[in-house]
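Given next are the chains, with one letter for each unit.
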Amino acid sequence: MFVLVVNAGSSSLKYQLFDMETSEMIAKGLCERIGTDGLYTHQVPSKNVSIKKIEIAMPNHSEAVSTVIKYLTDAETGCISDMSEISAVGHRIVHGGPWLIDSVLIDGPDGRVLTDLRKCIDLAPLHTKAHLQGIEGCLSVMPDVPQVLVMDTAFHQTMPQKAFMYPIPYDLYEKHAVRRYGFHGTSHRYVSGKALEILGNPDAKIVTCHLGNGSSISAVNAGKCVDTSMGFTPLEGVIMGSRCGAIDPAVVPFLMEKENIPVEKMGDWMNKQCGFLGVSGVSSDLRDVRNAADGGNERAQLALDILAYQIKKYVGGYAAAMNGLDCVVFTAGIGENDATMRAMAMKDLEFLGIKLDEEKNNSKDPTVISADDSRVKVLVIPTNEELVIASDTWNIVNQ
Ligand code: ADP
């Protein structure tokens, strides 16, 4: 009755083990520096097991998975007696392209599912190659355990074509699959689903704001995504920690020429040197930027103002796109924790029916933060992407 959720990066592998009878996470950890010296972190909260960054050689992802299984089944550090207790593995997949549009069971190493995933290497090379290494690692260590893929892009597949199509020559869209895909889909799906429960209205029109190091905003109408701010890659949309978000595409060749930046460095520039970091010059971490702004740093304040302003524009734009608005949800590191950003983004939106309750917004564990007479409910809902992956995996293997 246990599901292992795996999030594989090129040199890292994060995992959480869920007991599906209770939907509780019972163990979690992280393999880092796979392929170099290897660092291992493992926690079982109920047994007070907490192993932090010990050195264990993990030359490849298979060795990393073997390490995870060893620690999960060990009498002292573990919480299950045998690997056979793991009913299934759920893999977080960043990009499913137009091919993997729903959570799906892997049909063997050379089956259709992994063939489709390999096609995504073109769209998200680093992430997809890393996912494939993680999957191969799990298949080699646990060949008889069913493996499920859960895509970050899947929830956004319900967008109408007018929302996902870029105005480029149609044949290039068809040839290269260049379109808006959207990301953080499991998070938008989870928090919008929770919001529908809280509202008691399955037809509600919701804007979900996932604000973390990477941020995205989605329009969700009656549980279906109709638009989202991230695009072909997770670079589009609002200002992020170190990503620029949407800028005029002409800025890119202009700066490449002026600053002599080669094409292979430009991706790094847009992803790692812009956003909060680029504007403030302080940090990509909102807490540092806020501290600097509170200390009088005007550029830090500007970075925060940009985010709040852009959130506001998305909320207004998506309300128009959905012909109404019942609820705004905040989630992820910034959305769940930074009351000031929530207040800044929701300021002066009374005309849309949004009125924040300052006290509720500043409370320790906020849920409903709108005023009682606010027509639009504003909610803070902690996201849980791993639980979505575990539940999808469990449902698929029990079909
Ligand atoms: P990721 O996209 O990497 O999953 P997170 O969802 O963890 O990111 O969000 C990271 C962001 O959340 C950082 O900018 C961080 O400063 C911010 N954050 C985390 N905790 C707090 C907090 N208590 N108050 C304000 N901001 C926070």
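Draft legend 1. Focus on the packing of helix α1 (residues 61-73) against helix α3 (residues 125-141). Put simply, α1 and α3 touch, their axes get as near as 8 Å, and they point 55° apart. The angle between the axes of α1 and α3 places the two elements in the oblique class. In the packing of α1 onto α3, the handedness of the crossing is right-handed. In contact with His61, Ser62, Val65, Ser66 and Ile69 of α1, α3 contributes Ala130, Gln133, Gly134, Glu136, Gly137, Cys138, Ser140 and Val141. For the contact of α1 with α3, the per-class residue count stands at five nonpolar, seven polar and one charged.

Draft legend 2. Inspection of the sheet that holds strand β10 (residues 215-221) at higher detail. One open sheet holds the five strands; their spatial order is β11-β10-β9-β12-β13, and the pairing between them is mixed. Edge positions in the sheet fall to β11 (224-228) and β13 (377-380), since each has one partner strand and no second. Shown here is a sheet whose adjacent strand axes are inclined to one another by a mean of 25°, direction ignored. Both strand β9 (residues 205-211) and strand β12 (residues 327-331) contribute to a ladder of five bridges, which runs parallel. Bridge pairing in β12 links Val207 to Val328. Contacts from helix α13 (residues 339-346) reach β12 and β13, with the element oriented near 150° to β12.

Draft legend 3. Up close: the site of the ligand. The ligand sits among Gly212, Asn213, Gly214, Asp285, Leu286, Arg287, Ala332, Gly333, Ile334, Asn337 and Asp338. Separating an oxygen atom of the ligand from a backbone N or O atom of Leu286 is a distance of 3.0 Å. Asn337 places a polar side-chain atom, nitrogen or oxygen, 3.5 Å from a nitrogen atom of the ligand. Where the shell around the ligand is concerned, the elements lending two or more residues are α10 (286-294) and α12 (332-337). With four residues, the single largest contributor to the shell around the ligand is α12. Of the residues belonging to the shell around the ligand, the class tally is three nonpolar, five polar and three charged.

Draft legend 4. Inspection of the pattern of salt bridges at higher detail. Scanning all chains against the criterion turns up 14 salt bridges. Notably, a salt bridge pairs Arg180 with Asp227, separated by 3.9 Å at the nearest N-O pair. Taken together, the residues Arg180 in the loop between α5 (170-176) and α6 (185-199) and Asp227 in strand β11 connect sequence positions 47 residues apart. With relative accessibility at 12%, the residue Arg180 sits in the buried group. Residue Asp348 is joined to Lys347 by a salt bridge in which the shortest nitrogen-to-oxygen separation is 3.7 Å. For the pair Asp348 and Lys347, a shared accessibility class is recorded, and that class is exposed.

Draft legend 5. Examining the sheet that holds strand β3 (residues 24-32) more closely. In spatial order, the strands read β5-β4-β3-β2-β1-β6-β8-β7; together these eight strands make up an open sheet with mixed pairing. Two strands in the sheet have a free side with no partner beyond their single neighbour: β5 (49-55) and β7 (104-105). As judged from the five bridges shared by β3 and strand β4 (residues 39-44), these two strands associate in the antiparallel manner. Each residue of the ladder has a partner; that of Glu32, found in β4, is Leu39.

Draft legend 6. The arrangement of α6 in detail. The end-to-end C-alpha separation of α6 is 21 Å, in line with the 21 Å expected for 15 residues at 1.5 Å each. Of all the residues in α6, the buried ones are Gly185, Thr186, Ser187, His188, Tyr190, Val191, Ser192, Ala195 and Leu196. Lining the buried residues of α6 we find β8 (147-151), β9, β10, β12, β13 and α15 (385-397). Looking one or two places after α6, you find Gly200, whose phi comes out positive at around 65°.

Draft legend 7. Quick look at the nonpolar core. Ile311, Val315, Leu325, Val328, Met341, Met346 and Ile354 are the most contacted members of the largest nonpolar core, which totals 37 residues. Considering each element in turn, this core owes the most residues, 10 residues, to helix α11 (residues 298-322). Apart from the residues lying within four places of it in its own chain, the contact partners of Met341 are Leu286, Arg290, Leu304, Leu307, Ala308, Ile311 and Ile334.

Draft legend 8. Local environment of the environment of Asp288. Along the chain, Asp288 falls in helix α10. For Asp288, a relative accessible area of 37% translates into the label partly exposed. Once the C-alpha coordinates of Asp288 and Met230 are considered, the two residues, 58 residues apart in sequence, prove to be 25 Å apart. The contact partners of Asp288, leaving out residues within four places of it in the chain, are Val282 and Ser283. Polar side-chain contacts of Asp288 include one of 2.8 Å to the side chain of Ser283.

Draft legend 9. Main features of the environment of Asn7. Here Asn7 is to be found in strand β1 (residues 2-8). In this structure the C-alpha to C-alpha distance between Asn7 and Leu30, which are 23 residues apart in sequence, comes to 9.3 Å. Setting aside residues no more than four positions away along its own chain, Asn7 makes contact with Ser12, Leu13, Lys14 and Arg92.

Draft legend 10. Region of interest: the packing of aromatic side chains. Counted under the stated rule, the structure contains six aromatic pairs. Taken together, a centroid distance of 6.4 Å and an interplanar angle of 45° make the contact between Phe164 and Tyr173 tilted. When the centroid spacing of 6.3 Å and the interplanar angle of 40° are considered together, the rings of Tyr181 and Phe232 count as tilted. With Tyr181 in the loop between α5 and α6 and Phe232 in the loop between β11 and α7 (251-259), this residue pair connects regions lying 51 residues apart in the sequence.

The rules behind the values
Residues numbered from 1 in each chain as written. Predicted model: local features only at pLDDT ≥ 70, side-chain atom pairs only at ≥ 80, totals over all residues. Heavy atoms only, no water. Axes fitted to C-alpha atoms, helices over the stretch in contact; angles between N-to-C directions. Helix = DSSP H or I, 4+ residues; strand = E, 2+ residues; numbered from the N terminus. Parallel < 35°, antiparallel > 145°, perpendicular 65-115°, else oblique. Left-handed = near helix turned anticlockwise from the far one by under 90°. Contact = heavy atoms within 4.5 Å. Nonpolar A, V, L, I, M, F, W, Y, C, P; charged D, E, K, R; others polar. Pairing = 2+ DSSP bridges. Near = heavy atom within 4 Å. Polar contact = N/O pair within 3.5 Å; in protein donor to acceptor, adjacent residues only side chain to side chain. Salt bridge = Lys/Arg side-chain N within 4 Å of Asp/Glu carboxyl O. Buried < 20%, exposed > 50% of the residue type's maximum accessible area, 1.4 Å probe, protein only. Expected span 1.5 Å × (residues − 1). Core = buried A, V, L, I, M, F, W, Y, C linked by side-chain atoms within 4.5 Å. Phe/Tyr/Trp six-rings, centres within 6.5 Å; stacked < 30°, edge-to-face > 60°.

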